[in-house]
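# Close look at the chain arrangement
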Amino acid sequence: MFNSVGPPNGRMSGHRDVVDITDLSRAVLEEVFKVASQIENQEIDLSHSLDGKVMALAFFEPSTRTRLSFESAMCRLGGKAITFLEPVMTSAAKGENFADTVRMLDYYSDVIVIRHSVEGASRFAADVCNSPVINAGEGMMYHPTQTMIDLYEVLKCLGNIDGLRYAVVGDLRHARVASSLIRGLMMFRPDMIYLVSPDRLRVLEETRRSLSAAKIRFEERTSLAEVLGSVDVIYLTRIQRERFGDALEYERVKGSYSFVEDDVKKMKKDSIVLHALPRVDELSPAVDRYPQAKYFEQAKRGVFVRMALLNMVLR
Ligand code: NCD
């Protein structure tokens, strides 16, 4: 499946790990969206498609939505989930345990879903396991299934992913949902990506370079107000407190931006506001009642996307 077009029946060919969004081709992503939409519209019934299959969730970092939506997706396909939860690992000695843990899970399950704070953990697991490995959020860069959900929500709301103007807002330095989405957008043809963040939370140089190499139009801004009225999609991220090595550094930026009712009123009528959730203070609950607020619908649709992906990976 890596950088290749999937076979016409939507099954993945070759290796079936999903570590980074760019491991999938645009064609495979579009197949996931098609199946997710068929599930959502009840055009197909996959309720027994994974009968007898077991998914192992190995979560080394906290999660609510991602874990539960993977579990829900697996249950709705007829499969079952087993869960392994452990506090964040820090020492190299524990790294050895990680290898043993995933090897064991490989014997107990048909697919392994991993969340980890250390970049490279899922790739490592994919190398030692026979079962497919799906990355459910890793370090500050990777969250491929969240990106699929984000792009699917854009597609369902606006009919297209190409040709739109995006503003990715907030902690662009630490939020893996932002880095992953930006890489995902590089597989499409956005008209413009505004990268809006406080100076201290700007995207990494690597992201800037990749955007230029992919010939994607982008601009870095510190104020959302300047672009509010012209974008189709606003993607908000929370300041990732847990990723700051220095508590003082977090204190300097916390609360430095907040999306409120007045902001949503300035947006185009048919534009949308997305957020991977959880939110802290960057997105006011007063925005929830506006038609542009799509973040809860986005979370709901996440189950359809993960169903489509699990079905593709396991059949
Ligand atoms: C995100 C994550 O874990 O990176 N949450 C999620 O998967 N829905 C976003 C975040 O924690 O800010």
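Rules behind the numbers
- Residues numbered from 1 in each chain as written.
- Predicted model: local features only at pLDDT ≥ 70, side-chain atom pairs only at ≥ 80, totals over all residues.
- Heavy atoms only, no water.
- Salt bridge = Lys/Arg side-chain N within 4 Å of Asp/Glu carboxyl O.
- Helix = DSSP H or I, 4+ residues; strand = E, 2+ residues; numbered from the N terminus.
- Buried < 20%, exposed > 50% of the residue type's maximum accessible area, 1.4 Å probe, protein only.
- Near = heavy atom within 4 Å.
- Polar contact = N/O pair within 3.5 Å; in protein donor to acceptor, adjacent residues only side chain to side chain.
- Nonpolar A, V, L, I, M, F, W, Y, C, P; charged D, E, K, R; others polar.
- Pairing = 2+ DSSP bridges.
- Axes fitted to C-alpha atoms, helices over the stretch in contact; angles between N-to-C directions.
- Contact = heavy atoms within 4.5 Å.
- Domains from an automatic or database assignment.
- Buried area = accessible area lost by both parts, 1.4 Å probe.

Moving on, we come to the pattern of salt bridges. Under the defined criterion, the tally for this structure stands at 27 salt bridges. Where glutamate 30 meets arginine 26, a salt bridge forms, and the shortest distance between an N and an O atom there is 2.9 Å. Here arginine 26 and glutamate 30 lie together in helix α1 (residues 26-40), a separation of four residues that amounts to about one turn. A residue is classified by how much of its surface remains accessible, and glutamate 30, at 36% relative accessible area, is partly exposed. Here arginine 208 makes a salt bridge to glutamate 220, at a shortest N to O gap of 2.6 Å. Taken together, the positions of arginine 208 in helix α7 (residues 205-213) and glutamate 220 in strand β7 (residues 218-221) put the pair twelve residues apart, joining distant regions of the chain. One salt-bridge network, held together by shared partners, links Arg202, Glu205, Arg208, Arg209 and Glu220.

What surrounds the ligand is the set Thr66, Arg115, His143, Gln146, Arg176, Val177, Arg238, Gln240, Ala276, Leu277 and Pro278. The side chain of threonine 66 places a nitrogen or oxygen atom 2.9 Å from an oxygen atom of the ligand. The separation between an oxygen atom of the ligand and a polar side-chain atom of arginine 176 is 2.8 Å. Its residues placed into classes, the shell around the ligand shows four nonpolar, four polar and three charged.

With that settled, the discussion passes to unusual backbone geometry. Of the consecutive residues leucine 277 and proline 278, the connecting peptide bond is found in the cis state with omega at 5°. Within the secondary structure, proline 278 is located in the loop between β9 (272-275) and α10 (295-314). Positive phi values are uncommon outside glycine, yet glutamine 42 reaches one of about 55°. Relative to the helices and strands, glutamine 42 is located in the loop between α1 and β1 (54-59). Its relative accessible area of 71% is what places glutamine 42 among the exposed residues. Residue leucine 277 is not a glycine yet carries a positive backbone phi of 60°. Mapped onto the fold, leucine 277 is located in the loop between β9 and α10. A relative accessible area of 13% places leucine 277 in the buried class.

Another aspect to go through is the sheet that holds strand β4 (residues 133-138). Pairing is parallel in the open sheet, where four strands are placed in the order β2-β1-β3-β4. Two strands lie at the open edges of the sheet, namely β2 (80-85) and β4, each paired on one side alone. With strand direction ignored, the average angle separating the axes of adjacent strands in the sheet is 15°. Of the strand pairs in this sheet, strand β3 (residues 111-116) and β4 are connected by four bridges, and their pairing is parallel. Directly across from isoleucine 112, in β4, lies its bridge partner valine 133. Sitting on the sheet, helix α4 (residues 121-128) is in contact with β3 and β4, with an inclination near 165° to β4.

According to the domain assignment, the protein chain consists of domain 1 (3-142 + 301-314) and domain 2 (144-298). Computed from C-alpha coordinates alone, the two centres of domain 1 and domain 2 are separated by 24 Å. The interface is formed by 34 residues belonging to domain 1 together with 33 residues belonging to domain 2. For the pair domain 1 and domain 2, the summed buried area comes to about 2,800 Å², and 62% of that belongs to carbon and sulfur atoms. Between glutamate 61 and arginine 176 there is a salt bridge, with its nearest N and O atoms 2.9 Å apart. Applying the counting rule to domain 1 against domain 2 returns 16 residue pairs in polar contact (both at pLDDT 80 or more). Sort the elements by how many residues they give to the side of domain 1 that touches domain 2 and α1 lands first, with eight residues. A class-by-class count of the residues in the side of domain 1 that touches domain 2 yields 15 nonpolar, nine polar and ten charged.

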